[in-house]
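So you can see what is in the structure, the chains are spelled out below.
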Amino acid sequence: MPEKTKHELKTQFIGKKILFLKDTPSTNDIAKKLASKGAEAGTVVVSEKQSNGRGRLGRRWLSPEGGLWFSIILKPRIKPNEVFKLTFLTAVVVVRTLRKKFKLNAQIKWPNDILINGKKICGVLSEIITNPSGLINFVIVGIGINANIELNSFPKHLQFSVTSIKSELEKEIDCEDLLYTLLMELEHYYLLLLDGGFNLILEEWKDLNCILDSYVEIERLDGTINGQAVDVAKDGALLIKLENGAVVRVISGDVILKRFDKTH
Ligand code: BT5
C-alpha cells in the first residue's frame, strides 16, 4: 500500500499516523515498540505481509501478501480485565463493514473470530502494555483480514476452515479503501466505548454472533466442555449451559460449533 493515498481518512485521531511496511515479523510487535517509544494513541502499523504473524496463545497467524494485516495503538482508560471490550468492538466493526461493503454474511465467533459460513476470514489479537503498577499504558489491537488471498496459498490443513474476501466475491478488493473504512468505524465505536456505550456494543455483538443458542464444544487448556451457549456476560465470559442444567462461565478457549440452533 502506498504512503500517499487516493482515499480520504476522515478521523480525529485513529490513523492520523500510519506506518506502511512491506514486510515485518508482526505489526503488533512493531506497534508495541512504537508505543513504548512514545508513539501517539491512534498510530496504525500496516504490513503487506508478516513473517511471524501471531494469534492467541503463541499460535501462528499466516499472513501472506494480499491480506490486510494491521495494528492500532490505543490508550484507553480501562482496566486490564476490560480489554476484551476492544476485541468485541473490533469484531463488531469488522462484521458490520464486511456486511455493508461487500454484502458478505459475516458473523462473530466468541471470542475473537470473524467467520463467513463457518470459515474464518479474520482474527483479532488485543494485547496490553502495563506500567509497573499493573495499569494499562497501551492496548495494541491487531487485526488480520484475509482480503485478496487465494485459498490454495494456505496449508492444506487450513484450506477448508478459512476463507478470504477474494474467494467469497471472486474478485479482488481495494485493501486501502477497506482499511480506511475500518479505521473510521473503529474510531466511531471506540469513542462510543469511552463514552460509556459498551452495553450498546455488546448488544450489537450478540446480534452479529453465531454462537448464542448453539450447541458448542469448548477446548480449554484444562479440558473440554460441551453444552449450549446461552449468553455472554458483561465481562465477556461465555455462559454455557451443561446437560445437567448448570451454567458455567468460560473466559478463554476455542469454540467448536456442533449444531446451529439459530437461524440468521
Ligand atoms: C487470532 O488468533 O485469530 C488472532 C489473529 C490476529 C492476527 C493479526 S494480523 C495483524 C496483527 N499482527 C499479528 O502478529 N497478529 C495480529 P487465534 O484465535 O489464536 O487463531 C489462530 C488460528 O487461526 C491458527 O492456529 C490457525 O488455526 C488459524 N489461522 C492462522 N492463520 C490464519 C488466517 N490467515 N486466516 C484464518 N485462520 C488462520
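Structure: above.
Residues numbered from 1 in each chain as written. Predicted model: local features only at pLDDT ≥ 70, side-chain atom pairs only at ≥ 80, totals over all residues. Heavy atoms only, no water.

Before going further, it helps to spend a moment on the overall build of the chain. When helices and strands are counted, the chain shows 5 helices and 12 strands. Compactness check: the chain gives a C-alpha radius of gyration of 18 Å against a globular reference of 18 Å for 264 residues, within 12% of the reference. C-alpha atoms of the chain, sized along the principal axes, occupy 60 × 50 × 30 Å. Expressed as a percentage of the 264 residues in the chain, the buried residues total 51%. Within the chain, contacts between residues at least 6 apart in sequence are counted, and of these 64% link residues at least 24 apart. Taken as two groups, the 37 positive and 32 negative side-chain charges of the chain have centres that lie 2 Å from each other. (Helix = DSSP H or I, 4+ residues; strand = E, 2+ residues; numbered from the N terminus. Rg over C-alpha atoms; globule rule 2.2 N^0.38 Å. Buried < 20%, exposed > 50% of the residue type's maximum accessible area, 1.4 Å probe, protein only. Contact = heavy atoms within 4.5 Å. Lys, Arg positive; Asp, Glu negative; His and termini not counted. Charge placed at Lys NZ, Arg CZ, Asp CG, Glu CD.)

Assignment of secondary structure puts Ser71 in strand 3 (residues 68-74). At a separation of 2.6 Å, a polar atom in the side chain of Ser71 contacts the side chain of Asn28. In this structure, Ser71 is in contact with Thr27, Asn28, Ala31, Thr43, Val44, Val45, Ile140, Val141 and Gly142, ignoring residues within four places of it in sequence. (Polar contact = N/O pair within 3.5 Å; in protein donor to acceptor, adjacent residues only side chain to side chain.)

Counting buried positions along strand 2 (residues 44-50) yields 6 of 7 residues, so the element is predominantly enclosed. Bridge analysis of strand 1 (residues 18-24) against strand 2 gives 6 bridges, and the strand direction is parallel. By the bridge assignment, Ile18 is partnered in strand 2 with Val44. This β-α-β element, strand 1 to helix 1 (residues 27-36) to strand 2, shows right-handed connectivity. Both strand 2 and strand 3 contribute to a ladder of 4 bridges, which runs antiparallel. Across the sheet, the residue bridging to Val45 is Ser71, located in strand 3. (Pairing = 2+ DSSP bridges. Right-handed = clockwise from strand over helix to strand, strands pointing away.)

Next up on the list: the pairing of strand 4 (residues 106-109). Burial of strand 4 is two-sided: the residues Ala106 and Ile108 facing one way and the residues Gln107 and Lys109 facing the other way are all buried. In sequence, strand 4 turns back onto strand 5 (residues 113-116) through a hairpin of 3 residues.

So, about the pattern of salt bridges. All told, the structure shown has 19 salt bridges when counted by the stated rule. For the salt bridge of Asp254 with Arg59, the shortest nitrogen-to-oxygen distance reads 2.8 Å. Placement of the pair is Asp254 in strand 12 (residues 254-259) and Arg59 in the loop between strand 2 and strand 3, with a sequence separation of 195 residues. One salt bridge connects Glu204 with Arg96, and the closest N-O pair in it is separated by 3.0 Å. With Glu204 in helix 5 (residues 198-208) and Arg96 in helix 2 (residues 84-102), the pair connects residues that are 108 residues apart, well separated along the chain. A relative accessible area of 21% means that Glu204 is categorised as partly exposed. (Salt bridge = Lys/Arg side-chain N within 4 Å of Asp/Glu carboxyl O.)

Everything listed here is a matter of geometry and, on its own, says nothing about what the molecule does.
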